[in-house]
Amino acid sequence: FQMKQCPWEFAILACGASSQSLTFNKGTTPTMIGVPSFHTFGEKDRFLVDSKKIADLWAPPHCVTHLHGGGHVIDSQILKREPKMFVKLNNFLILQYRSSLNAKHGI
């Protein structure tokens, strides 16, 4: 997008796909993304490999992942069926909220 700075403080990616559309100059290594991210993948998702390739673009300390038991579609009941995902996502959002407050208050 040719932005000087990323406008987002964090990202949540659910069942990301189409890593084939990501292009990089030959002979170069893509720059790791430093924005905190939460990625969820379905173990039955036909795009699982693509989703993991997209998550690999994030720097490891900033990247939280979760593999759920479903496919590509995430319905409104997923957090009830996947309590571990709920806990991970909740902890991720709390951390982002606290980081945002600390940044606003210069802590």
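Residues numbered from 1 in each chain as written. Predicted model: local features only at pLDDT ≥ 70, side-chain atom pairs only at ≥ 80, totals over all residues. Heavy atoms only, no water.

Turning our attention to helix α3 (residues 83-104). The end-to-end C-alpha separation of α3 is 32 Å, in line with the 32 Å expected for 22 residues at 1.5 Å each. Residues Met85, Leu89, Phe92, Gln96 and Ser100 constitute the buried set of α3. End-on view of α3: buried residues confined to an arc of 75 degrees, all on one side of the axis. Residues of α3 that are exposed and point more than 90 degrees away from the buried face comprise Lys84, Leu95, Tyr97 and Arg98. Against β1 (11-14), β2 (37-42), β3 (63-68) and α2 (78-81) lie the buried residues of α3. Of the residues flanking the end of α3, it is Gly106, one or two places downstream, whose phi is positive at about 65 degrees. (Helix = DSSP H or I, 4+ residues; strand = E, 2+ residues; numbered from the N terminus. Expected span 1.5 Å × (residues − 1). Buried < 20%, exposed > 50% of the residue type's maximum accessible area, 1.4 Å probe, protein only. Arc of directions from axis to C-beta. Contact = heavy atoms within 4.5 Å.)

All told, the structure shown has two aromatic pairs when counted by the stated rule. Ring centres 5.8 Å apart and planes at 80 degrees place the aromatic pair Phe10 and Phe92 in the edge-to-face group. Of the two residues, Phe10 is situated in the segment before β1 and Phe92 in helix α3; the sequence distance between them amounts to 82 residues. Summarising the aromatic geometry, the rings of Phe38 and Phe92 are spaced 5.9 Å apart at their centres and angled 45 degrees between planes, so their arrangement reads as tilted. Placement of the pair is Phe38 in strand β2 and Phe92 in helix α3, with a sequence separation of 54 residues. We note that Phe38, like Phe92, is buried. Feature note: the residues Phe10, Phe38 and Phe92 constitute an aromatic cluster, connected by ring pairs. (Phe/Tyr/Trp six-rings, centres within 6.5 Å; stacked < 30°, edge-to-face > 60°.)

From the geometry alone we can't say anything about function, so treat these as descriptive.
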